[in-house]
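Structural features, examined
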Amino acid sequence: MNNIRNLKKINLDSFSLYLKYGYISIPRLKPIYKNYNSNKWIKTYYKIEKNINSELVLNYLKSKVDRFVKNQKKQNKKICLMLSSGADSRLLYNLIEQSVIKYEYTNNFFNFTGTFKGYKKYSENEILKKKWNKKIINHRLVNINPKSFFMLINQANKINEQPVNGLPNIIYVKIVEEVSKIFGSENVVIVAGIGDQIFFNGTIKILKATMKDKNYNKTHDHIFNKPSNYLQREYDIKADRIKEKLKPLKIFKIKSNYHYFINQNNFMYRGPKVISEFQNIFRHFKVKSFIPFIDKKFICLILSLPLNELHDKKNIKTFIYFANKVTDPHQKPFTGLKMTTPQREIIYSNKKKISKMINNSSLINYDIVNKSKFLKQFNKYNKNYSIIKKK
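Residues numbered from 1 in each chain as written. Predicted model: local features only at pLDDT ≥ 70, side-chain atom pairs only at ≥ 80, totals over all residues. Heavy atoms only, no water.

This next bit is on the nonpolar core. In terms of nonpolar packing, the biggest core is built from 118 residues, with Phe-267 and Phe-319 touching the most fellow members. Counting residues per element, this core draws most heavily on helix H6 (residues 166-183), which supplies eight residues. Every residue in contact with Phe-267, bar those within four places of it in the chain, is listed here: Pro-27, Trp-41, Ile-42, Tyr-46, Ile-198, Leu-249, Ile-251, Phe-252, Ile-262, Pro-272 and Ile-299. (Core = buried A, V, L, I, M, F, W, Y, C linked by side-chain atoms within 4.5 Å. Buried < 20%, exposed > 50% of the residue type's maximum accessible area, 1.4 Å probe, protein only. Helix = DSSP H or I, 4+ residues; strand = E, 2+ residues; numbered from the N terminus. Contact = heavy atoms within 4.5 Å.)

Take a look at the structure:
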């Protein structure tokens, strides 16, 4: 235990919370690394406005994107969109496409999509080719070799200065790295559709489960995210003590369960984690970014939508669904990939190597984690995956 006190740069309370519950980058909570700073994008208060509808919100977003494109043309900057098969990413493409055509700037608009070699099942590009009617302007693929998994995870962790969101983060790092190499960091602005947790992206079933169990969390491949049980008692207690003190941010007036859900996801748990990861990547490569979904005015407008336009009880991200129908009326709606990386497969295929890493882990040497419990949970994870794989 004396060795623990030499880890002066690590906040062990926050680290324990992450190891047990997966919570990281929580606003107003001390970061894992004491020199780390995030969540500056969250404002002190978001005012709910009256008489707001989806058409008004879309017009605001259109004008914001239009001003952005016009400004980049004045500065002779390349515009690079991180394009996925997701509906929110496609909406940004549609809006930018309209403006670059309007300002005759299509030659400086580029779209980058990450893909893992040998895994068509997880290819965003395959979905775009099969289901999207668009001929994407200046579309480029960034191929990622799954054999570089461990090296890339290590690189991503260093860039983020704390644990990252698995393989999806690797895609973002490689795209920004590629864009910077091709155009030079100073000559480009990268557009990202992060902050999409501001749109109610659940279902009524998930909403009810969330309201019943505040810790409810379910991954896209139906493996439940449950608290880990491998921490040593001291750190397990630390994690529970901090979790009990976590309270939702009071930064807008919560008028419905939809608002509660959005507040939890966008401003507490998932949103801050993903947004901080992207901002750290942009900072590392010294590249400017345009992230319209975290604009304060836009967030205020979304929160001000009538309940049936926040969620029509049929379509996830109802505003995005509406906006895509308006901006791309001839396109049949389709859902993007839910699982975008072969993370499960790579972990499963490398389970022996990972087991060896666990055995030699500093977490065990510093007596933070119980080795036998850690290995048992890891083996259970792989067993659950092998069952799902056979279905």
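Among the eight residues of helix H11 (residues 296-303), six are classified as buried, and the element is accordingly described as predominantly covered. Residues of H11 that are buried include every one of Phe-298, Ile-299, Cys-300, Leu-301, Ile-302 and Leu-303, and no others.

This part takes up the sheet that holds strand E1 (residues 78-82). Backbone hydrogen bonds are what pair the strands of a sheet, in a parallel or an antiparallel way. Taken together, the five strands give an open sheet; going across it, the order is E3-E2-E1-E4-E5, and neighbouring strands pair in parallel fashion. Among the strands making up the open sheet, the edge pair consists of strand E3 (139-144) and strand E5 (288-290). The mean inter-strand angle of the sheet, taken between neighbouring strand axes irrespective of direction, is 30°. Here four bridges tie E1 to strand E4 (residues 188-191), and the two strands are oriented parallel to one another. Across the sheet, the residue bridging to Ile-79 is Val-189, located in E4. On top of the sheet, helix H3 (residues 87-102) reaches E1, strand E2 (109-116) and E4; it is set at about 160° to E1, its chief contact. (Pairing = 2+ DSSP bridges. Axes fitted to C-alpha atoms, helices over the stretch in contact; angles between N-to-C directions.)

The subject of this paragraph is empty space enclosed by the protein. Taken as a whole and assessed by the stated rule, the structure comprises one cavity of 30 Å³ or more. Of the voids in this model, the largest cavity is the one considered here, and its volume is about 30 Å³. Lining the largest cavity are Ile-198, Phe-199, Phe-200, Ile-302, Leu-305, Glu-309, Leu-310, Lys-317, Thr-318 and Phe-319. If you list the elements that add at least two residues to the lining of the largest cavity, you get helix H12 (307-310) and helix H13 (318-327). Residues belonging to the lining of the largest cavity are distributed by class as follows: seven nonpolar, one polar and two charged. (1 Å grid on protein atoms, 1.4 Å probe; cavity = no way out; pocket = protein on both sides within 12 Å on 5 of 7 lines; lining within 4 Å. Points joined across faces, edges and corners; volume = space filled by probe spheres on them. Nonpolar A, V, L, I, M, F, W, Y, C, P; charged D, E, K, R; others polar.)

Mean pLDDT for the protein chain: 89, with 91% of residues reaching 70 or above. Segment residues 1-5 is flagged for pLDDT under 50; beyond a separation of four residues in sequence, or across chains, it makes nine contacts in the model. In this model residues 216-224 is a low-confidence stretch, pLDDT under 50, and it forms 17 contacts with partners more than four residues away in sequence or in other chains. (pLDDT = per-residue confidence, 0-100.)

Tracing the chain through its elements places Asp-367 in the loop between helix H16 (362-365) and helix H17 (371-390). Considering only alpha carbons, one finds Asp-367 and Leu-231, 136 residues apart in sequence, at a separation of 8.7 Å. Polar contacts involving the side chain of Asp-367 include one to the side chain of Gln-232, which spans 2.9 Å. (Polar contact = N/O pair within 3.5 Å; in protein donor to acceptor, adjacent residues only side chain to side chain.)

This part is about the pattern of salt bridges. All told, the structure shown has 13 salt bridges when counted by the stated rule. The shortest N-O distance in the salt bridge between Glu-49 and Lys-297 comes to 3.0 Å. With Glu-49 in the loop between helix H1 (12-21) and helix H2 (54-75) and Lys-297 in helix H11, the pair connects residues that are 248 residues apart, well separated along the chain. The partly exposed category is assigned to Lys-297, whose relative accessible area is 35%. A single salt-bridge network, built from bridges that share partners, covers Asp-13, Lys-238 and Arg-241. (Salt bridge = Lys/Arg side-chain N within 4 Å of Asp/Glu carboxyl O.)

Buried residues dominate E2, accounting for eight of its eight residues. Residues Phe-109, Asn-111, Thr-113 and Thr-115 point to one face of E2 and Phe-110, Phe-112, Gly-114 and Phe-116 to the other, with burial holding for every one of them. Crossover handedness for the path E2 to helix H4 (residues 124-131) to E3: right-handed. (Right-handed = clockwise from strand over helix to strand, strands pointing away.)

Mapped onto the fold, Thr-335 is located in the loop between H13 and helix H14 (343-349). Placed 204 residues apart in sequence, Thr-335 and Lys-131 show a C-alpha to C-alpha distance of 9.2 Å.

Time to look at the packing of H1 against helix H8 (residues 233-245). Close contact between H1 and H8 brings their axes to 8 Å; oriented N to C, the two are set at 90°. Relative to H8, H1 is oriented roughly perpendicular. Along the contact surface, H1 presents Leu-12, Asp-13, Ser-14, Ser-16, Leu-17, Lys-20 and Tyr-21, while H8 presents Tyr-235, Asp-236, Lys-238, Ala-239, Asp-240, Arg-241, Ile-242 and Lys-243. Among the residues making up the contact of H1 with H8, the classes are represented as six nonpolar, two polar and seven charged. (Parallel < 35°, antiparallel > 145°, perpendicular 65-115°, else oblique.)

For the rest of this paragraph, the subject is H4. Within the sequence span of H4, burial applies to Glu-124, Asn-125, Glu-126, Ile-127 and Leu-128. Where the residues of H4 are buried, they touch H3, E2 and E3.

All right, on to the packing of H6 against helix H10 (residues 270-284) then. Look at H6 against H10: their axes get within 10 Å of each other, and the N-to-C directions meet at 25°. It follows from the interaxial angle that H6 and H10 lie roughly parallel. Remark: the crossing between H6 and H10 carries right-handed chirality. Every residue of H10 that contacts H6 at Asn-169, Tyr-172, Val-173 and Val-176 is listed here: Glu-277, Phe-278, Ile-281 and Phe-282. When its residues are assigned to classes, the contact of H6 with H10 shows six nonpolar, one polar and one charged. (Left-handed = near helix turned anticlockwise from the far one by under 90°.)

A contiguous patch of positive charge, built from Lys-120, Lys-130, Lys-131 and Lys-332, is present on the exposed surface. Along the chain, Lys-130 turns up in helix H4. Relative accessible area serves as the criterion here: at 68%, Lys-130 is assigned to the exposed category. (Patch = residues over 30% accessible without salt bridge, like charges linked within 9 Å, V, L, I, M, F, W, Y side chains within 5 Å. Areas by Shrake-Rupley, 256 points an atom, 1.4 Å probe, with all protein chains shown as cover. Lys, Arg positive; Asp, Glu negative; His and termini not counted. Charge placed at Lys NZ, Arg CZ, Asp CG, Glu CD.)

Let us look at the packing of aromatic side chains. As enumerated under the stated definition, the model contains 22 aromatic pairs in all. Ring geometry for Tyr-21 versus Tyr-23: centroids 5.8 Å apart, planes at 20°, classification stacked. Of the two residues examined, Tyr-21 and Tyr-23, each falls in the buried class. With a centroid separation of 6.0 Å and 75° between ring planes, the pair formed by Phe-199 and Phe-298 is classed as edge-to-face. Pair noted here: Phe-199 is in the loop between E4 and helix H7 (204-212) and Phe-298 is in helix H11, with a separation of 99 residues, a long-range link. A residue is classified by how much of its surface remains accessible, and Phe-199, at 2% relative accessible area, is buried. Under the relative-accessibility criterion, Phe-298 is labelled buried at 0%. Here the aromatic residues Trp-41, Tyr-46, Phe-252 and Phe-267 are joined through ring pairs into a cluster of three or more. In this structure, Arg-90 packs its charged tip against the face of Phe-334, placed 3.7 Å from the ring centre. In this arrangement the basic side chain of Lys-243 is found over the ring face of Tyr-21, its NZ or CZ atom lying 5.4 Å from the centre. (Phe/Tyr/Trp six-rings, centres within 6.5 Å; stacked < 30°, edge-to-face > 60°. Lys NZ or Arg CZ within 6 Å of the ring centre and 35° of its normal.)

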